Amino acid sequence: MDFSSDPRIVMTLDAGGTNLTFSAIRGRHVLAGPVALPTEAEDLDRCLAGIVAGFHMIRNLLPEPPAAISFAFPGPADYPAGIVMNVGNLPAFRGGVPLGPILEHEFGIPVFLNNDGDLFAYGEAIAGLLPEVNGLLERAGSPKRFHNLVGFTLGTGFGGGIVRDGDLFLGDNSNAGEVWLLRNVVDPDSNAEEGASIRAVRRVYAQTAGLPFEEAPEPRRIFEIGIGRREGDQAAALEAFRQLGRVVGDALAQALTLVDGLAVIGGGIAGAHSLFFPALVEQANSRFPGGGGHRRLVQQVFNLEEPAQLHAFLAGQRREVVVPGSGRRIAYDPMPRTGVGVSRLGTSEAVALGAYAFALRRL
């Protein structure tokens, strides 16, 4: 997945309910952009015109023609076919719009669509947390290496993506990594997104502080209240992020039960990781209260943002065994473990890089 010297250019887009952010990448570096335009989420004609105009603006900044278009777009969608269907924050696409074919006809190059959570995880696997952790393990003299990654994004919603041994895992219906539909450990009658999103942080703060939801501040301000930088109900702020950590930690444990790899957290709420990572790691490392007290996971989960835990994670339990009859010694590490850290690239850059790499792999 080393595209650092690849000469091809890919135009990318990170599409949200408010803004469309366009760029172009070559050799894993941004070549043009970002250029931002309003989404016009309620008007299909204006939204499509903005998407086409944005890509034309980027193409006019390039030294040579691009090889492909690759971008993130909210689902549900038939991503391989390039058809975007009914979406909550982009109601103009209700009923299905062949966005990929529209752009292929306009620009005459291949077009690839994916979910932003998938592309975030892919970008971090290529040039973010995954290679950084493996580099740290190598420098520490550990034989341990990681090849798989689960990525979570925390913001307006709760998104996810899975990378397995260098390949983005999409599923047969383009629905792999739909972590928002995992069960909510705090409220088992609802899905995880209701406990792992901007509205979840605001709701718990409002409930704990005795405020109407409409008066609850945004998570950035709640974080500043929690760390004592701003006036407000500090206990309510800490509880809001503690509950978020529990929900994300349980969702992570569910994901890691099936995908044995590292975990990376991105999205706007990730900046408050110092307040919710302790609860996240505690939940992932918890035990079932019944059935003999089995651990929630076989692996031990470490907080890679906390120096002491990072040191223990890198050290592991190195051992050597002798191959009988040969005198040959083999080094190994018997500690099953994983780590969770925040995005090393920034969420938008990781999405763009993931889109770029996905296109080149498909080409």
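In the block above lies the structure referred to throughout.
The text that follows walks through the structure, step by step, so that each part is easy to find. Quick caveat: nothing in here was measured; it's all calculated off a predicted structure.

1. Focus: the overall build of the protein chain
Broken down by element type, the protein chain carries ten helices and 15 strands. For the protein chain, the C-alpha radius of gyration of 22 Å lies close to 21 Å, the compact-globule estimate for 363 residues. Dimensions of the protein chain, computed from the C-alpha atoms along their principal axes, are close to 65 × 65 × 40 Å. Scored against the burial criterion, the 363 residues of the protein chain give a buried share of 50%. Pairs at least 24 apart in sequence give 62% of the contacts found in the protein chain among residues at least 6 apart. Total accessible area on the protein chain is roughly 16500 Å²; 50% of this is exposed by carbon and sulfur atoms. Taking the 31 positively charged and 39 negatively charged side chains of the protein chain as two groups, their mean positions are separated by 8 Å.

2. Side note on helix α1 (residues 44-59)
An α-helical segment advances 3.6 residues per turn. Residues three or four places apart therefore align on the same side. The end-to-end C-alpha separation of α1 is 23 Å, in line with the 22 Å expected for 16 residues at 1.5 Å each. Among the residues of α1, Cys 47, Leu 48, Gly 50, Ile 51, Val 52, Gly 54, Phe 55 and Ile 58 are the ones counted as buried. Buried-residue contacts for α1 involve β1 (9-15), β2 (19-26), β3 (29-38), β4 (68-72) and α2 (99-107).

3. A look at the packing of helix α4 (residues 129-139) against helix α9 (residues 307-315)
The interhelical angle for the contact between α4 and α9, taken along N-to-C directions, is 65°, at an axis separation of 9 Å. Considering their axes alone, α4 and α9 lie roughly perpendicular with respect to each other. Every pair of crossing elements has a handedness; the one defined by α4 and α9 is right-handed. In this structure, α4 uses Val 133, Leu 136 and Leu 137 to contact α9, whose residues at the interface are Leu 310, Phe 313 and Leu 314.

4. Some thoughts on the packing of aromatic side chains
Counted under the stated rule, the structure contains ten aromatic pairs. Taken together, a centroid distance of 5.1 Å and an interplanar angle of 65° make the contact between Phe 73 and Phe 93 edge-to-face. Of the two residues, Phe 73 sits in the loop between β4 and β5 (77-78) while Phe 93 sits in the loop between β6 (83-84) and α2, which places them 20 residues apart along the sequence. Among the residues examined, Phe 93 registers a relative accessible area of 0% and is labelled buried. Seen in terms of ring centroids, Phe 276 and Phe 277 are 5.4 Å apart; in terms of plane orientation they differ by 75°. Their pairing is edge-to-face. Classification of Phe 277 as buried rests on a relative accessible area of 1%. By the ring-pair criterion, three or more aromatic residues cluster together here, those being Phe 22, Phe 55, Phe 71, Phe 73, Phe 93 and Phe 107. Of note, Lys 144 hangs over the ring of Phe 146, and the distance from its end group to the ring centre comes to 5.4 Å. One Lys or Arg, Arg 202, reaches over the ring of Phe 213 and ends 4.5 Å from the middle of that ring.

Criteria and thresholds
- Residues numbered from 1 in each chain as written.
- Predicted model: local features only at pLDDT ≥ 70, side-chain atom pairs only at ≥ 80, totals over all residues.
- Heavy atoms only, no water.
- Helix = DSSP H or I, 4+ residues; strand = E, 2+ residues; numbered from the N terminus.
- Rg over C-alpha atoms; globule rule 2.2 N^0.38 Å.
- Buried < 20%, exposed > 50% of the residue type's maximum accessible area, 1.4 Å probe, protein only.
- Contact = heavy atoms within 4.5 Å.
- Areas by Shrake-Rupley, 256 points an atom, 1.4 Å probe, with all protein chains shown as cover.
- Lys, Arg positive; Asp, Glu negative; His and termini not counted.
- Charge placed at Lys NZ, Arg CZ, Asp CG, Glu CD.
- Expected span 1.5 Å × (residues − 1).
- Axes fitted to C-alpha atoms, helices over the stretch in contact; angles between N-to-C directions.
- Parallel < 35°, antiparallel > 145°, perpendicular 65-115°, else oblique.
- Left-handed = near helix turned anticlockwise from the far one by under 90°.
- Phe/Tyr/Trp six-rings, centres within 6.5 Å; stacked < 30°, edge-to-face > 60°.
- Lys NZ or Arg CZ within 6 Å of the ring centre and 35° of its normal.

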